[in-house]
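# Observations on chain architecture
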Amino acid sequence: MPAASRIVSEVDFTRDGKQHGYLRLFHSVHASAYGFIPIPVVVIRNGEGPTALFVAGNHGDEYEGQVALANLARRLDPARIRGRVILLPAANLPAAVAGRRTSPLDEGNLNRSFPGDPDGTVTQQIAYYIEHALVPLADLVCDLHSGGSSLMYLPSAQLPGYRPDGSSAPGIAALKAFAAENAYIVEANQGGDRTLAGACARAGVLSLGTEAGGAGHVTAVALRMVERGVVNLLVHLGILPESDRIAAPTPTRYLEVGGAEYYVYAPDNGLYEPLAELGESVMSGQPAARIHFPETPWAEPVMVPFLHKGIVLCKRMPGRTMRGDCLFHLGTEVAV
Ligand code: CA
């Protein structure tokens with residue numbers, strides 16, 4: 001039996017109707033001795049049935065999911081659903097308010113903090129609560145990410161923890177229901193078992209997510225993809241009626257993200273000149289980028305190639321780069 005979280009919920013997850021309030025994370029600091037960090041939460045319930053948990057603001061600078069869940073929180077009518085929908089639109093609230101990937105309070109990256117710690121930093125306490133209090137309530141968890149400040153994605157739905165042995169069939173079915181223009185499967189995502197997806201795997205709860213867009217902004221196309229997918233997952237679970245399903249504007253293209261050869265990293269510090277764009281098909285060995293040196297502009301730039309063929313799924317946005325920054329990653333088309 002794991003220790004109880006110290007976070008106190010203002011909403012009752014077992015009650016019918018629509019409630020909104022805060023998860024109170026008590027945070028005793030110089031300016032507020034008995035204060036709490038108010039993490040917004042919405043629960044919409046109508047009788048027995050499946051539970052869907054939607055999370056956004058896991059990374060605070062990823063905005064599409066935060067907007068989509070705010071819209072859903074206002075629009076979703078409890079009388080039209082069967083079961084329960086839990087919305088956590090700003091999971092790492094201090095990071096979301098700061099518009100940063102990590103929390104300004106403790107530099108915590110929530111999606112590298114699972115399973116968390118009930119007596120740890122603010123970010124570790126949030127992770128612990130999500131893993132031990134929310135995930136066990138859910139039949140499906142959808143974690144809405146994007147590329148954040150430094151990356152831009154081809155708007156995509158994503159299935160982490162994919163296994164080619166057939167055990168991922170329920171995840172593939174949910175990914176298909178999402179009806180994104182692009183959807184990708186990945187066996188091990190960047191954060192591994194320290195992510196919310198890792199928490200779901202430990203609990204045996206189905207999880208999927210998005211990499212909606214990014215670059216520190218919201219595009220209409222990416223937001224539409226997220227909002228369509230959220231409704232379609234509720235239909236898929238039987239929480240909303242079939243008549244609410246939203247068709248994809250184009251058939252979904254399925255991609256797979258493999259190992260290290262799918263990624264391109266900056267080999268030096270400097271100014272990065274991309275030689276490919278999102279959505280482009282590239283070949284192994286094709287130039288991906290050149291790194292220039294503004295302090296010695298007469299020096300030859302360093303060329304960095306793609307190490308695999310594929311479609312450019314993700315691209316770094318800021319021009320200045322440091323050795324080790326991810327510049328691109330690819331996906332390869334796959335039948336699912
Ligand atoms: Ca993210």
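Analysis parameters
- Residues numbered from 1 in each chain as written.
- Predicted model: local features only at pLDDT ≥ 70, side-chain atom pairs only at ≥ 80, totals over all residues.
- Heavy atoms only, no water.
- Domains from an automatic or database assignment.
- Contact = heavy atoms within 4.5 Å.
- Buried area = accessible area lost by both parts, 1.4 Å probe.
- Salt bridge = Lys/Arg side-chain N within 4 Å of Asp/Glu carboxyl O.
- Polar contact = N/O pair within 3.5 Å; in protein donor to acceptor, adjacent residues only side chain to side chain.
- Helix = DSSP H or I, 4+ residues; strand = E, 2+ residues; numbered from the N terminus.
- Nonpolar A, V, L, I, M, F, W, Y, C, P; charged D, E, K, R; others polar.
- Phe/Tyr/Trp six-rings, centres within 6.5 Å; stacked < 30°, edge-to-face > 60°.
- Buried < 20%, exposed > 50% of the residue type's maximum accessible area, 1.4 Å probe, protein only.
- Pairing = 2+ DSSP bridges.
- Expected span 1.5 Å × (residues − 1).
- Core = buried A, V, L, I, M, F, W, Y, C linked by side-chain atoms within 4.5 Å.
- Donors = N, O, S within 2.8 Å, 3.2 Å for Na, K, Ca; no water.

## Description of the domain arrangement of the protein
We note that the domain assignment places domain 1 (8-257) and domain 2 (262-333) within the protein. The interface is formed by 15 residues belonging to domain 1 together with 19 residues belonging to domain 2. Counting the surface lost from both domain 1 and domain 2, the interface buries some 1400 Å², and carbon and sulfur atoms represent 66% of this. Considering only the surface of domain 1 that becomes buried against domain 2, M152, L154 and V257 emerge as the three largest contributors, covering 33% of it. On the surface where domain 1 and domain 2 come into contact, there are 0 salt bridges. Remark: the boundary between domain 1 and domain 2 carries 5 residue pairs in polar contact (both at pLDDT 80 or more). Elements represented by at least two residues in the side of domain 1 that touches domain 2 include exactly β7 (151-153) and β11 (253-257). The biggest single contributor to the side of domain 1 that touches domain 2 is β11, with 5 residues. Of the residues contributing to the side of domain 1 that touches domain 2, the split by class is 9 nonpolar, 4 polar and 2 charged.

## Topic: the packing of aromatic side chains
If you walk through the whole model with that rule in mind, you get 5 aromatic pairs. Residues F26 and F36 carry aromatic rings whose centres are separated by 5.9 Å and whose planes lie at 65° to one another, so their mutual orientation is edge-to-face. Placement of the pair is F26 in strand β2 (residues 17-26) and F36 in strand β3 (residues 36-46), with a sequence separation of 10 residues. By relative accessible area, F26 is classed as partly exposed at 44%.

## Observations concerning the pattern of salt bridges
Overall, the coordinates contain 15 salt bridges when judged by the stated rule. Between E107 and R100 there is a salt bridge, and its shortest N-O distance comes to 3.4 Å. E107 sits in the partly exposed class, given a relative accessible area of 49%. The partner of R323 in a salt bridge is D268, and the shortest N-O contact between them spans 2.9 Å. Taken together, the positions of R323 in the loop between β18 (320-321) and β19 (326-333) and D268 in the loop between β12 (263-265) and β13 (270-274) put the pair 55 residues apart, joining distant regions of the chain. Of the residues examined, R323 reaches a relative accessible area of 53% and is grouped as exposed. Where salt bridges share partners, they join D16, R45 and E48 into one cluster.

## As for the environment of G65
In this fold, G65 is placed in helix α1 (residues 64-75). The exposure class assigned to G65 is buried, which follows from its relative accessible area of 4%. As a C-alpha pair, G65 and H217 span 152 residues in sequence and 11 Å in three-dimensional space. With near-sequence residues (within four places) excluded, G65 lies in contact with A56, L144 and V226.

## Here we look at the pairing of β2
When strand β1 (residues 8-9) meets β2, the two strands line up antiparallel, connected through 2 bridges. Note that in β2 the partner of S9 across the bridge is L23.

## Structural notes on α1
The end-to-end C-alpha separation of α1 is 17 Å, in line with the 16 Å expected for 12 residues at 1.5 Å each. Among the residues making up α1, those that are buried are E64, G65, Q66, A68, L69, N71, L72 and A73.

## Remarks on the nonpolar core
In terms of nonpolar packing, the biggest core is built from 41 residues, with F54, V85 and L87 touching the most fellow members. In terms of residue count, helix α6 (residues 220-237) provides more of this core than any other element does, 10 residues in total. Residues within four places of L87 in sequence aside, it is in contact with P40, V41, V42, I44, F54, L69, L72 and A73. Counting residues in each nonpolar core, the second largest holds 32 residues, with V11, I86, L93 and C200 among its members.

## Here we look at the coordination of the calcium ion
Protein-derived ligands of the calcium ion are H59 (ND1), E62 (OE), E62 (OE) and H145 (ND1), with the metal-ligand distances lying across 2.3 to 2.5 Å. For the calcium ion, the single-chain donor residues occur in sequence as H-x2-E-x82-H. Accessibility expressed as a relative area gives 3% for H59, which makes it buried. Using a relative accessible area of 2% as the deciding quantity, one classes E62 as buried.

## As for helix α4 (residues 169-178)
Burial in α4 covers these residues: G171, I172, A174, L175, A177 and F178. Remark: A179 follows α4 within two positions and exhibits a positive phi of approximately 60°.

## Quick look at the pairing of strand β17 (residues 310-316)
With 7 of 7 residues buried, β17 lies mostly within the body of the structure. Pairing analysis gives 3 bridges linking β7 to β17, with the strands arranged antiparallel. Within β17, the position partnered with Y153 by the bridge is C314. Here 2 bridges tie strand β14 (residues 281-282) to β17, and the two strands are oriented antiparallel to one another.

## Description of the sheet that holds strand β16 (residues 302-305)
With antiparallel pairing, 4 strands are arranged side by side in an open sheet as β16-β15-β13-β18. Strand pairing shows two members of the sheet lacking a second neighbour, β16 and β18, which therefore form its edges. Relative to strand β15 (residues 287-292), β13 runs antiparallel, the two sharing 4 bridges. Counterpart to L271 in the pairing with β15 is H292.

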